[in-house]
Amino acid sequence: MTVRIRKAVFPVAGLGTRFLPATKAMPKEMLTVVDKPLIQYAVEEAQAAGIEHFIFVTGHNKTTIEDHFDANTILESILDRDGKDELLRAVRECTLDSGKISYTRQSEPKGLGHAVWCARDLIGDEPFAVLLPDDIFLCKTPCLKQMVDAYPSVGGNVVAVQEIPVEHSWRYGILKIKNDSGKLIRAKGIVEKPAPDKAPSRIAVSGRYILSPEVLKELDKTERGAKNEIQLTDAIAATIGKVPLTGLRYEGRRFDCGTKIGFLTANIEFALHRPDLAGELKKELKRLQSEL
Ligand code: G1P
């Protein structure tokens, strides 16, 4: 029986302190890469993977996200009146259907595991996706779609993975490998943010997950872990033995927009993929390089 992944959770309650003062009054998920907010990249990726219900775990100062995915009839009628069809299409495209989007709050910043746990009643008893909007991808086939396609053959928990230099292990969930068949890696463990000398491998989790409801049961009892937060990684680790954990080496490139360098690089690389911007931007980049 093929189980469809219908629901996706977007944890968006973080304070975004790394981007202050930009994020003093604006959610970090609304920072733009070229002309789209980070959160929209994640939502479009979920749509491309067949997700039908979008669950946002929000907090204070996040109402702009709700407005962004809602219709704006005044703006739309002005764009329509002025014959700005392209813009009208772009504005309409980011309106999610009523009833297909839910918001719940994480009232305390207790970590990613706690954020996902806050969505438990909305998820129910079925496998679901989690997308961390800090991570965006340039892939021929969207990252979550690659995972959804692989899911029927592996089931359980599936995480998107990439190989990292071992000195970066403290930023990621790291897999302990059972066997590695190239594209798919069966894991016998997963550790959150180990120091390089404790890292069980160089296979790191990027911010895309397909999770079994078993993880929610574990989150009911998961204690604080790394950074004194309730970690999603620890709940996933606790389900190994009950459900398999598989890492999928996705094809494509990830940008960590939670860091300034990742965010700036994403802006340049995404713009270089845009036919309306690439030519002029290349000229500017050449000029800059000659001045370095
Ligand atoms: C989170 C997860 C970590 C994962 C990372 C990917 O960490 O806890 O396991 O590898 O996202 O971006 P964060 O970046 O929120 O500290």
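Residues numbered from 1 in each chain as written. Predicted model: local features only at pLDDT ≥ 70, side-chain atom pairs only at ≥ 80, totals over all residues. Heavy atoms only, no water.

It is worth spelling out unusual backbone geometry at this point. Cis rather than trans, the peptide bond between Leu-20 and Pro-21 has omega equal to 5°. Position of Pro-21 relative to the elements: it lies in the loop between β1 (7-11) and β2 (32-33). (Helix = DSSP H or I, 4+ residues; strand = E, 2+ residues; numbered from the N terminus.)

As a further point, take the site of the ligand. Around the ligand, the structure places 14 residues, and the nearest of them are Asp-135, Gly-173, Glu-192, Lys-193 and Val-205. Between an oxygen atom of the ligand and a main-chain N or O atom of Gly-173, the distance comes to 2.9 Å. Measuring from an oxygen atom of the ligand, one finds a side-chain N or O atom of Arg-254 at 3.4 Å. Starting from 380 Å² of accessible surface for the ligand in isolation, the protein chains cover 82%. The dominant element in the shell around the ligand, judged by the number of residues it contributes, is strand β11 (residues 203-211), at 3 residues. Of the residues that constitute the shell around the ligand, the class distribution is 5 nonpolar, 4 polar and 5 charged. (Near = heavy atom within 4 Å. Polar contact = N/O pair within 3.5 Å; in protein donor to acceptor, adjacent residues only side chain to side chain. Areas by Shrake-Rupley, 256 points an atom, 1.4 Å probe, with all protein chains shown as cover. Nonpolar A, V, L, I, M, F, W, Y, C, P; charged D, E, K, R; others polar.)

Let us look at the pattern of salt bridges. One pass over the full model with this rule turns up 27 salt bridges. Measuring nitrogen to oxygen at the nearest pair gives 2.9 Å for the salt bridge that ties Asp-180 to Arg-249. On the criterion of sequence distance, the pair formed by Asp-180 in strand β9 (residues 173-180) and Arg-249 in strand β12 (residues 245-249) is long-range, its members being 69 residues apart. Between Lys-193 and Glu-192 there is a salt bridge, with its nearest N and O atoms 2.6 Å apart. Judged by its relative accessible area of 27%, Lys-193 is partly exposed. Glu-192 sits in the buried class, given a relative accessible area of 12%. Three or more residues joined by partner-sharing salt bridges are found here, namely Glu-163, Asp-180, Arg-202 and Arg-249. (Salt bridge = Lys/Arg side-chain N within 4 Å of Asp/Glu carboxyl O. Buried < 20%, exposed > 50% of the residue type's maximum accessible area, 1.4 Å probe, protein only.)

In this structure, Ile-65 sits in helix α2 (residues 63-68). Counting along the chain gives 34 residues from Ile-65 to Leu-31, while the straight-line C-alpha distance between them is 11 Å. With near-sequence residues (within four places) excluded, Ile-65 lies in contact with Val-12, Pro-27, Glu-29, Met-30, Phe-56 and Tyr-103. (Contact = heavy atoms within 4.5 Å.)

Enumeration according to the criterion identifies 0 disulfides in this entry. Free of any disulfide, Cys-143 has its nearest cysteine sulfur in Cys-139, 5.3 Å distant. (Disulfide = S-S within 2.5 Å.)

Gaps left between atoms show up when a probe the size of a water molecule is rolled over them. Each pocket or cavity is described by its volume, and for the second largest pocket that value is around 550 Å³. Around the second largest pocket sit 21 residues that line it, and Asp-35, Gln-40, Leu-87, Ala-90 and Val-91 are the ones nearest its centre. If you list the elements that add at least two residues to the lining of the second largest pocket, you get β3 (36-37), α1 (38-48), α2, α3 (73-81) and α4 (85-93). Top element by residues in the lining of the second largest pocket is α4. It accounts for 6 residues. (1 Å grid on protein atoms, 1.4 Å probe; cavity = no way out; pocket = protein on both sides within 12 Å on 5 of 7 lines; lining within 4 Å. Points joined across faces, edges and corners; volume = space filled by probe spheres on them.)

Summed over the entire model, instances satisfying the criterion amount to 8 aromatic pairs. The interplanar angle of 20° and the centroid separation of 5.0 Å between the aromatic rings of Phe-10 and Phe-56 together place this pair among those described as stacked. Pair noted here: Phe-10 is in strand β1 and Phe-56 is in strand β4 (residues 53-58), with a separation of 46 residues, a long-range link. With a relative accessible area of 0%, Phe-10 lands in the buried category. Considering the side-chain rings of Phe-56 and Phe-69, the 5.6 Å spacing of their centres and the 40° angle between planes classify their relative orientation as tilted. Taken together, the positions of Phe-56 in strand β4 and Phe-69 in the loop between α2 and α3 put the pair 13 residues apart, joining distant regions of the chain. Assigned by exposure class, Phe-56 and Phe-69 land together as buried. Joined through ring pairs, the aromatic side chains of Phe-10, Phe-54, Phe-56, Phe-69 and Tyr-103 make up one cluster. Over the ring of Tyr-41 we find Lys-36, and its NZ or CZ is 4.8 Å from the ring centre. (Phe/Tyr/Trp six-rings, centres within 6.5 Å; stacked < 30°, edge-to-face > 60°. Lys NZ or Arg CZ within 6 Å of the ring centre and 35° of its normal.)

Counted residue by residue, β1 has 5 buried out of 5 residues, so it is predominantly covered. Burial of β1 is two-sided: the residues Lys-7, Val-9 and Pro-11 facing one way and the residues Ala-8 and Phe-10 facing the other way are all buried. Taken together, the 5 bridges between β1 and β4 define a ladder with parallel strand orientation. The partner of Ala-8 across the bridge, within β4, is Phe-54. Across 2 bridges, β1 lies against strand β6 (residues 128-131) in parallel orientation. Within β6, the position partnered with Val-9 by the bridge is Val-130. (Pairing = 2+ DSSP bridges.)

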